[in-house]
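Residue-level listing of the chains:
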Amino acid sequence: LNLSQCYSALKDGAIRALGRKLPASLAELHLDLRCGEDLTDEGISAIFSAVSGSAPGLRVLNVNCNWCNQLTDKALPTSFPGHLHTLSLGFDWCSKITDFGLCGIAWAFPPTLQELVLQLNGCNHLTEGGAQTLARSLPKGLQRIELWLTGCLCAKR
């Protein structure tokens, strides 16, 4: 579902409503919310909560929130469906995201995870400590990883 051209028309209520309607049988979710300038932690965290609670068979989760600049660590997921195989999260230029949020994601990785893409370019509060926690938390069965950290403190060496 590509909602990236909705800009200020996209509100938290619409995202919460979408989360309430996710079918339990959902196997893949691709949600593009780029540039949702009015989206806040409340809306984004609601979709992640809905996915974790009502879609136990979800195997692929791809959520792009690049340039949603109101988002903080509270928007980030802290749990994932237990059978998740592929995870792609885009939070480029969400400059309020810190190591605390990155660690919450890292500690929630399910052991079934095989592919991981994290886009965190321009998240200038991410440090080497957050990157180290992420590295230590990677599931043993992970087969592919893409980590984008341009403009982060942990990438400035």
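Cut-off values and rules
Residues numbered from 1 in each chain as written. Predicted model: local features only at pLDDT ≥ 70, side-chain atom pairs only at ≥ 80, totals over all residues. Heavy atoms only, no water. Helix = DSSP H or I, 4+ residues; strand = E, 2+ residues; numbered from the N terminus. Buried < 20%, exposed > 50% of the residue type's maximum accessible area, 1.4 Å probe, protein only. Arc of directions from axis to C-beta. Contact = heavy atoms within 4.5 Å.

**Q** Before we go on, may I ask you to explain unusual backbone geometry in this structure?
**A** With the exception of glycine, most residues fall at negative phi, and the peptide bonds are largely trans. The phi angle at W67 is positive, at roughly 70 degrees, despite the residue not being glycine. Considering the arrangement of structural elements, one finds W67 in the loop between β2 (60-64) and β3 (86-90). Although it is not a glycine, W93 adopts a positive phi angle of roughly 60 degrees. Position of W93 among the secondary structure elements: in the loop between β3 and α3 (99-107). With a relative accessible area of 38%, W93 lands in the partly exposed category.

**Q** Would you mind showing me how to read helix α1 (residues 12-20) here?
**A** Since one α-helical turn is 3.6 residues long, residues separated by three or four positions face the same way. Of the positions making up α1, those classed as buried are D12, I15 and G19. All buried residues of α1 lie within an arc of 65 degrees about the axis, which places them on one face of the element. Looking at the packing, one finds that the buried side of α1 touches α2 (41-54).

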